[in-house]
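Structural overview
The primary structure of each chain is shown beneath.
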Amino acid sequence: MGKVRHTFSKRLSRTILILAIPLFVLSLGVFYQNAKRLLHKEAVERSRTILSTTTQLVVNYLNSIETAARSNLWMLEENFNPDSLAIVSHRIVSLNKSVLSCSVAAEPNTFPQFGENFSVYSVNDGDTIRTELEPEFEYFEKNWSKKTMQTGKACWINPFSDFNAGVINHHDAVGSFCMPIRPHGNKIEGVVSVDFSFQKLRETILATHHPYPSSYYMILGPVGGYLIHPNNSLLFKKTIFTATDSVEHPDIIALGREMIAHKHGTMHVTFDNELCHVTYMPITDTGWSIALICHDNDVLADYNHLTIIMIIFVIIGILLIAWITRKVVQRNIGPLNELMEATKSISEGNYDTVISPTNHKDVVGKLQNAFRKMQLAIM
């Protein structure tokens, strides 16, 4: 009889566990998936917020360059003579700390007394601002002059260096904001170029908040050229397309296409065998695009911690359910065991065995009271 009771208790406990544990695990699974979604959403929003802040910092930096050109253009146009051009060039550099140098170039033969070409520039040497005339400088072949003359519009010029015979070094590369000069109506008679240091812009970006220790920023030019990147060997020499194997890394190529198309969004991309979460957006009016790259392990660190916590919670939960089930079963079948012991004793001839009354209204209680009534009737 004891074996029967043990078997019944065990089977009842197992049945309850079979019903309870799947419901418990399913509930935790739903919670886990929702938590994962919320953590990922929070990480994405955090990356977007930080990137937006950094982008605004870059835009403010570039706006200071653009403002330096636009606010002094009227002086150049109203005083379009050699002395005034040199004075205004010096003024632009001296009044704007973000400006590295400023060049003002006139159309060939505009000032014959200086020869065919006339170009004046001012440069910040640190302690002093140096202004010089460059009569033999063939500026009209330079992109900053040629593009502005051809389009007739203000524009941003990608990094260049006039000091390395065409080889751009990330330490001295400069970018420019250029505007046409029209002193006598619609005819373009010169170009003003206000230059800034990409190294200084890079330092400005690096000094901003990074959400994770391994995160970094990169800026791509209009055709995907690396303008800002931690790997200096890529700067101004390679594009995201030429530096990437399209077969092995189609995700990087896809990211490059999104960025040069001036789109914004998020992607999962593998850089240097590390799965990364990339948030990207265009930099207004420049043709450039900026991206914040974060390792997925860092972005989902809270999620990974949650996984460990959930595993521990599941184990503890199952053990707790098993313990509670065992206690509940024992409590509920206890009266039945007592009734079985009493009826066994009576069946063996011990008619004076007392079957106690009970106030329980369940089936076991009713059964116990029925046996007691039967016992009293027989006696």
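Residues numbered from 1 in each chain as written. Predicted model: local features only at pLDDT ≥ 70, side-chain atom pairs only at ≥ 80, totals over all residues. Heavy atoms only, no water.

1. A closer look at the overall build of the protein
- Along the backbone of the protein there are 8 helices and 11 strands.
- Scored against the burial criterion, the 379 residues of the protein give a buried share of 42%.
- Taking all contacts inside the protein whose residues are at least 6 apart in sequence as the whole, residues at least 24 apart take part in 53%.
- Accessible surface, the protein as shown: approximately 21,100 Å² in total, 58% of it carbon and sulfur. (Helix = DSSP H or I, 4+ residues; strand = E, 2+ residues; numbered from the N terminus. Buried < 20%, exposed > 50% of the residue type's maximum accessible area, 1.4 Å probe, protein only. Contact = heavy atoms within 4.5 Å. Areas by Shrake-Rupley, 256 points an atom, 1.4 Å probe, with all protein chains shown as cover.)

2. So, a nonpolar patch on the surface
- There is a patch of nonpolar side chains on the surface, built from L320, W323, I324 and V328 and spanning about 380 Å² of accessible area.
- Assignment of secondary structure puts V328 in helix 7 (residues 301-347). (Patch = residues over 30% accessible without salt bridge, like charges linked within 9 Å, V, L, I, M, F, W, Y side chains within 5 Å. Salt bridge = Lys/Arg side-chain N within 4 Å of Asp/Glu carboxyl O.)

3. With respect to the sheet that holds strand 9 (residues 265-271)
- Spatial ordering of the open sheet is given by 8-7-11-10-9, a layout of 5 strands whose pairing is antiparallel. Each end of this open sheet is capped by a strand with a single partner; those strands are strand 8 (226-228) and strand 9. For this sheet the average axis-to-axis angle between neighbouring strands, irrespective of direction, equals 35°.
- Relative to strand 11 (residues 288-295), strand 7 (residues 216-220) is paired through 5 bridges, and the arrangement is antiparallel. What sits directly across from L220, in strand 11, is S289.
- Packing of helix 4 (residues 198-206) onto the sheet brings it into contact with strand 7, strand 8 and strand 11, and relative to strand 8 it is tilted by some 60°. (Pairing = 2+ DSSP bridges. Axes fitted to C-alpha atoms, helices over the stretch in contact; angles between N-to-C directions.)

4. So, the pairing of strand 10 (residues 274-283)
- Summarising burial for strand 10: 7 of the 10 residues are buried, a large majority.
- Summarising the sheet, strand 9 and strand 10 pair through 7 bridges and their orientation is antiparallel. For H268, the partnering residue across the bridge sits in strand 10 and is H277.
- Here strand 9 folds back onto strand 10 in antiparallel fashion, the turn holding 2 residues, of which D272 has a positive phi close to 55°.
- Bridge count for strand 10 against strand 11 is 8 bridges, and the pairing is antiparallel. Across the sheet, the residue bridging to P282 is S289, located in strand 11.

5. Considerations on the nonpolar core
- Among the nonpolar cores identified, the biggest contains 68 residues, and V192, M218 and F271 are the most heavily contacted of them.
- For this core, the element with the highest residue contribution is helix 1 (residues 2-78), accounting for 13 residues.
- Not counting residues within four places of it along the chain, the set of residues in contact with M218 comprises Y226, I228, H229, I240, L255, M259, F271, S289, I290, A291 and I293.
- Counting residues in hydrophobic clusters, the runner-up holds 7 residues, among them A105, Y139, C178 and V191. (Core = buried A, V, L, I, M, F, W, Y, C linked by side-chain atoms within 4.5 Å.)

6. What about the confidence of the model for the protein?
- Per-residue confidence for the protein averages 79 on the pLDDT scale, and 78% of its residues sit at or above 70.
- Segment residues 1-5: pLDDT under 50, and 4 contacts once partners within four positions in sequence are set aside and those in other chains are kept. (pLDDT = per-residue confidence, 0-100.)

7. Re the pairing of strand 7
- With 5 of 5 residues buried, strand 7 lies mostly within the body of the structure.
- Neither face of strand 7 is left uncovered, since the one carrying Y216, M218 and L220 and the one carrying Y217 and I219 both have all their residues buried.
- Judged from the 2 bridges that link them, strand 7 and strand 8 form a sheet pairing that is antiparallel. For L220, the partnering residue across the bridge sits in strand 8 and is Y226.

8. What to know about the pattern of salt bridges
- Using the criterion set out here, one finds 5 salt bridges in the structure.
- Of the charged contacts, one joins R70 and E66 as a salt bridge, the two residues approaching to 2.8 Å between their closest N and O atoms. Taken together, the residues span about one helical turn, with R70 and E66 both in helix 1 at a distance of 4 residues.
- Given the relative accessible area of 18%, E66 is considered buried.
- The residue R130 makes a salt bridge to D125 at a minimum N-O spacing of 2.9 Å.
- For R130, a relative accessible area of 32% translates into the label partly exposed.
- Judged by relative accessible area, which is 43%, D125 ranks as partly exposed.
- Because the salt bridges share partners, they merge into one network encompassing D125, R130 and E132.

9. Concerning helix 4
- All buried positions along helix 4 are accounted for by F198, Q199, L201, R202 and I205. In a view along the axis of helix 4, the buried residues occupy a sector of 160°, so they form one face of it.
- The opening residue of helix 4 is S197, an N-cap whose side-chain oxygen sits 3.2 Å from the backbone nitrogen of Q199. (Arc of directions from axis to C-beta. Polar contact = N/O pair within 3.5 Å; in protein donor to acceptor, adjacent residues only side chain to side chain.)

10. As for unusual backbone geometry
- The phi dihedral of N109 is positive, around 70°, even though this residue is not glycine.
- Note on placement: N109 falls in the loop between strand 1 (101-106) and strand 2 (118-124).

11. Regarding the packing of aromatic side chains
- Tallied over the full model, the rule gives 10 aromatic pairs.
- Here F80 and F111 contribute two aromatic rings whose centre-to-centre distance is 5.6 Å and whose plane-to-plane angle is 35°, an arrangement assigned as tilted. Of this pair, F80 sits in the loop between helix 1 and helix 2 (82-94) while F111 is found in the loop between strand 1 and strand 2, placing the two residues 31 residues apart along the sequence. The two residues F80 and F111 agree in class, both being buried.
- Residues F198 and W288 carry aromatic rings whose centres are separated by 5.6 Å and whose planes lie at 55° to one another, so their mutual orientation is tilted. Taken as a pair, F198 in helix 4 and W288 in strand 11 lie far apart in primary sequence, 90 residues in all.
- The class for F198 is buried, based on a relative accessible area of 2%.
- Judged by its relative accessible area of 1%, W288 falls in the buried class.
- Following the ring pairs from residue to residue traces out a cluster consisting of Y61, W156, F177, F196, F198 and W288. (Phe/Tyr/Trp six-rings, centres within 6.5 Å; stacked < 30°, edge-to-face > 60°.)

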